[in-house]
Amino acid sequence: MLLELDNVSLAYGRIQALHGISLNVAQGEIVALIGANGAGKSTTMRAISGLRPVSEGSIRFDGQDISKLRADLRVVRGVSQSPEGRGIFPGMSVRENLEMGAYTRKNRAEISEDLERVFTLFPRMKEREKQSGGTLSGGEQQMLAVGRALMSRPKLLLLDEPSMGLAPMLIQQIFDIIVEINEQGTTVLLVEQNAQQALSRAHRAYVLETGRIVKEGTGAELLHDPAVKDAYLGVA
Ligand code: ATP
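- As annotated in an unreviewed UniProt entry, the protein is ABC transporter ATP-binding protein from Paractinoplanes tereljensis.
- Under the Sequence similarities (unreviewed entry) heading, UniProt states for the protein: "Belongs to the ABC transporter superfamily."

### Structural notes on helix H6 (residues 138–150)
1) Next: For H6, with 13 residues, the first-to-last C-alpha span of 19 Å sits near the 18 Å given by 1.5 Å per residue.
2) Next: The element H6 is largely enclosed, with a buried count of 12 among its 13 residues.
3) Next: Residues of H6 that are buried include every one of Gly139, Glu140, Gln141, Gln142, Met143, Leu144, Ala145, Val146, Gly147, Arg148, Ala149 and Leu150, and no others.
4) Next: On its buried face, H6 sits against strand S6 (79–82), helix H3 (94–100), helix H4 (108–121), helix H5 (123–127), strand S7 (156–160) and helix H7 (168–183).

### Considering unusual backbone geometry
1) Next: For Asn7, which is not a glycine, the phi torsion comes out positive at approximately 55 degrees.
2) Next: Mapped onto the secondary structure, Asn7 falls in strand S1 (residues 3–12).
3) Next: Despite not being glycine, Arg153 shows a phi value in the positive range, around 50 degrees.
4) Next: Looking at the element boundaries, Arg153 is found in the loop between H6 and S7.
5) Next: With relative accessibility at 36%, the residue Arg153 sits in the partly exposed group.

### Observations concerning the nonpolar core
Looking at soluble globular proteins, one finds that nonpolar side chains tend to be buried together.
1) Next: Counting 44 residues, the largest nonpolar core has Ile34, Leu98, Phe122, Leu190, Leu199 and Val228 as its most contacted members.
2) Next: Excluding its chain neighbours within four sequence positions, the residues that come into contact with Leu190 are Ile30, Val31, Ala32, Leu33, Met45, Leu159, Pro162, Phe175, Ile178 and Ala198.
3) Next: The next biggest cluster of nonpolar side chains, apart from the first, holds 26 residues, and it includes Leu18, Val25, Ala39 and Phe61.

### Quick word on the packing of H6 against H7
1) Next: Where H6 meets H7, the axes come as close as 11 Å, and the angle between the chain directions of the two elements is 10 degrees. When the axis of H6 is compared with that of H7, the two are roughly parallel. For the pair formed by H6 and H7, the contact residues are Gly139, Gln142, Met143, Val146 and Leu150 on the first element and Leu170, Gln173, Ile174 and Ile181 on the second.
2) Next: Taken together, the residues of the contact of H6 with H7 break down into 6 nonpolar, 3 polar and no charged.

### Structural notes on the site of the ligand
1) Next: Taken together, 15 residues lie near the ligand, and Gly38, Lys41, Ser42, Thr43 and Gln193 sit nearest.
2) Next: In this structure, Asn37 approaches the ligand through a side-chain N or O atom, which is 3.0 Å from an oxygen atom.
3) Next: Ser42 places a main-chain nitrogen or oxygen 2.8 Å from an oxygen atom of the ligand.
4) Next: Here the ligand, which alone exposes 630 Å², has 65% of that area covered by the protein.
5) Next: In terms of residue count, the dominant contributor to the shell around the ligand is helix H1 (residues 41–49) (4 residues).
6) Next: Class assignment for the residues of the shell around the ligand results in 5 nonpolar, 6 polar and 4 charged.

Calculation criteria
- Residues numbered from 1 in each chain as written.
- Predicted model: local features only at pLDDT ≥ 70, side-chain atom pairs only at ≥ 80, totals over all residues.
- Heavy atoms only, no water.
- UniProt positions renumbered as here; feature names shortened; annotations may be inferred.
- Helix = DSSP H or I, 4+ residues; strand = E, 2+ residues; numbered from the N terminus.
- Expected span 1.5 Å × (residues − 1).
- Buried < 20%, exposed > 50% of the residue type's maximum accessible area, 1.4 Å probe, protein only.
- Contact = heavy atoms within 4.5 Å.
- Core = buried A, V, L, I, M, F, W, Y, C linked by side-chain atoms within 4.5 Å.
- Axes fitted to C-alpha atoms, helices over the stretch in contact; angles between N-to-C directions.
- Parallel < 35°, antiparallel > 145°, perpendicular 65-115°, else oblique.
- Nonpolar A, V, L, I, M, F, W, Y, C, P; charged D, E, K, R; others polar.
- Near = heavy atom within 4 Å.
- Polar contact = N/O pair within 3.5 Å; in protein donor to acceptor, adjacent residues only side chain to side chain.
- Areas by Shrake-Rupley, 256 points an atom, 1.4 Å probe, with all protein chains shown as cover.

Here's what the structure looks like:
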């Protein structure tokens, strides 16, 4: 297993957002986390990337306990998050934004190799290389955020709502790119409101309800699960 969460709880002050979550992601998988608004999907991502401390339980990555490790040191270990709401640097150019993603790395040759790889995955980013991030369209900013996360050459890519706010055609495209990134060797953990897309692309998935995992299975199993269909796929 590349990532193992064992009984992880997390609270924001008195608000208990996660109640003992256990999940795992094997090397090479795409795993999706689905659930309604406020279920704790983003919180789970924050726990893994280290943006919020866990109050209980353990997070193991690549065989080691990272529960108490600083967020920047988790990036060095190979965990990279593309945050919900994009979080790019609006005043910096597309290229500078991408280079920021590689800030923990030193090998210039490898960094330019990865920059080329991101430009191949997202030709639009190459076209907009010198444009400032803040002037990109919503969909382009989303792509830039994913590209920037890739620039740390992660073992595990955490994607929080990559399809948020995108037009249907772009949603297809971003999921195609996620599958391609995965096929090139990066393990992916994905949080999504768009359960249909997420389940059809993921190897496995977990359903989160009010801070607890209530179901898990292969993407295909959950796509055909009546309760999941009813609650998350908009069909009874
Ligand atoms: P969404 O899809 O709406 O983003 P989510 O599943 O990602 O939902 P979280 O953002 O993880 O949900 O929120 C889980 C719970 O924790 C919610 O009840 C939310 O109100 C609460 N919460 C999240 N962030 C904070 C915070 N910074 N301070 C206090 N409570 C928070």
